[in-house]
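Observations on the model geometry
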There are 4 protein chains.
Amino acid sequence: MSTSEDQPLTNLPTPPACVADFCLIPLGMGASVSKEVAEVQRLLKKSGLNYSMHSAGTTVEGSWDDVMKVIGQCHSMLHERGVVRIQSDIRVGSRTDKKQGFRDKVEKVEMLLKEGEN
Amino acid sequence: MSTSEDQPLTNLPTPPACVADFCLIPLGMGASVSKEVAEVQRLLKKSGLNYSMHSAGTTVEGSWDDVMKVIGQCHSMLHERGVVRIQSDIRVGSRTDKKQGFRDKVEKVEMLLKEGEN
Amino acid sequence: MSTSEDQPLTNLPTPPACVADFCLIPLGMGASVSKEVAEVQRLLKKSGLNYSMHSAGTTVEGSWDDVMKVIGQCHSMLHERGVVRIQSDIRVGSRTDKKQGFRDKVEKVEMLLKEGEN
Amino acid sequence: MSTSEDQPLTNLPTPPACVADFCLIPLGMGASVSKEVAEVQRLLKKSGLNYSMHSAGTTVEGSWDDVMKVIGQCHSMLHERGVVRIQSDIRVGSRTDKKQGFRDKVEKVEMLLKEGEN
């Protein structure tokens, strides 16, 4: 197995694929943040990445660099629109054993739940 | 406004309503966790609380105590089944300005997105 | 091994011990939240639980019920003081293989780092 | 105020500064992860970024791109060493109202706590 001794650590690549779920909170604004969340959805749509919004965040998949770039751009876009402080929670996973889109995960669990009913 | 000086802090109530989104990770097992996630869904169904699974977690709403109890029970149930270590990430929100179910939040953003298209 | 079939799920206990790290964000206020964070520290001190603040949150340990109760009380206390919406991110872990206080974890890593230097 | 209509969204920059706190969980391994956490600390040291480990994660500050790159490299490094699946929770904040290092935040809260005692 190649280890980090073989190459300078700063040249290590980032993962070629990941799934991230993020929840972005604008501070210093009113308590309602739906307008900001809508802006974020528009930016994601333009990014070309595969994404899905749910009530507690937005899931997006792609290379580590692309995914983290678009979340950073969401911060920048809202800063440009006057939000002075933004805090995000990001759950991000990467794996080397198989390719699994984020929709596949829900399907697998739903299949297990159906099997259990029989 | 009543403040905490008026009552011992340890008697403070917890919020009567909250929305929590949690992502539970069993450690010390294989890399696939769908079986454990399916068990969690079964337990949530029996709890009687309003909940919804998505690819990056499960959203559940109810009183603070009920919601946190059921997430703790998910940990206990998996420990009973042999998982020695469990780590969860919980995003939890409470608000006093209005009652808002977790499904309403998505609807409001989708409405804003549609308005923007016109 | 006892499973959940043997007892009604709603009677399952919550874990007797856990370590939680939480980051509480008041919405609808100014961008600075240090005053609110200080209030949270005061409440934790009165709770009698073992806790430690760092720049990205506060770590607290105890039984699942005690830990979740005090975080909920932090929400309630800030609501009482006029914060209309609060969002927290909680990382919580429980394990059955050993008792480990949150300070032990840092010590173990620091020991491994020192060994690596020799 | 310049808005995103003026420039293609995909060219938006990411924030020049951010503070991220991340907790990395290797799946499919044993329940103890201190060895992996120690590896992560070594990589952070070599990155040249300002960082600090605590019991529930590691805080690191720098430009959005540098910070996210080094967290992605932590994933890649552990994948190279045989960890097939890694899940991280990242709390990341950016602000435009002032520069604030992560150590300043704790100091400000501690100052408020001391004032309250007098």
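Criteria and cut-off values
Residues numbered from 1 in each chain as written. Chains lettered and ligands numbered in written order. Predicted model: local features only at pLDDT ≥ 70, side-chain atom pairs only at ≥ 80, totals over all residues. Heavy atoms only, no water. UniProt positions renumbered as here; feature names shortened; annotations may be inferred. Helix = DSSP H or I, 4+ residues; strand = E, 2+ residues; numbered from the N terminus. Rg over C-alpha atoms; globule rule 2.2 N^0.38 Å. Expected span 1.5 Å × (residues − 1). Buried < 20%, exposed > 50% of the residue type's maximum accessible area, 1.4 Å probe, protein only. Arc of directions from axis to C-beta. Contact = heavy atoms within 4.5 Å. Buried area = accessible area lost by both parts, 1.4 Å probe. Salt bridge = Lys/Arg side-chain N within 4 Å of Asp/Glu carboxyl O. Polar contact = N/O pair within 3.5 Å; in protein donor to acceptor, adjacent residues only side chain to side chain.

- You'll find chain A entered in an unreviewed UniProt entry as YkoF-like protein, with Clohesyomyces aquaticus given as the organism.
- Of chain A, the UniProt comment under Sequence similarities (unreviewed entry) reads exactly: "Belongs to the UPF0045 family."

**Things to note about the overall build of chain A**
- When you go through chain A residue by residue, the secondary structure sums to three helices and four strands.
- The order of helices and strands in chain A, counted from the N terminus, is β-α-β-β-α-β-α.
- For 118 residues, the compact-globule estimate of 2.2 N^0.38 gives 13 Å, and the C-alpha radius of gyration of chain A, at 18 Å, exceeds that figure by more than 25%.
- Counting only C-alpha atoms, chain A reaches 55 × 50 × 25 Å along its principal axes.

**Considerations on helix H2 (residues 64-80) of chain D**
Residues and elements named next belong to chain D.
- For H2, which comprises 17 residues, the first-to-last C-alpha distance of 24 Å matches the rise-based estimate of 24 Å (1.5 Å per residue) to within 8%.
- Burial analysis of H2 places 13 of its 17 residues in the buried class, the great majority of the element.
- Of the residues one or two after H2, Gly82 is the one with positive phi, at around 110°.

**Points about helix H3 (residues 102-117) of chain D**
- Over its 16 residues, H3(D) runs 24 Å from end to end, which matches the ideal 22 Å to within 8%, given 1.5 Å per residue.
- Looking only at H3(D), the buried set comprises Phe102(D), Val106(D), Val109(D), Leu112(D) and Leu113(D). All buried residues of H3(D) project into a common sector of 125° when viewed along the axis, lining one side. In H3(D), those exposed residues whose orientation departs by more than 90 degrees from the buried face are Glu107(D) and Lys114(D).
- Residues of H3(D) that are buried sit in contact with helix H1 (34-47) and strand E2 (50-54) of chain C together with strand E1 (18-27), strand E2 (50-54) and strand E3 (57-62) of chain D.

**Some words on the interface of chain D and chain C**
- Across the boundary between the two partners, chain D contributes 31 residues, which contact 31 residues of chain C.
- In total, about 2400 Å² of surface goes out of reach between chain D and chain C, with carbon and sulfur atoms giving 60% of it.
- Counting across the interface, chain D meets chain C through four salt bridges.
- Here Asp89(C) ties to Arg91(D) by a salt bridge, and the two come within 2.7 Å at their closest N and O atoms.
- Our enumeration of links across chain D and chain C arrives at 15 residue pairs in polar contact (both at pLDDT 80 or more).
- Of all the secondary structure elements, the ones that give two or more residues to the side of chain D that touches chain C are E1, helix H1 (34-47), E2, E3, strand E4 (85-95) and H3 of chain D.
- Considering every element that reaches the side of chain D that touches chain C, the biggest residue donor is H3(D), with nine residues.

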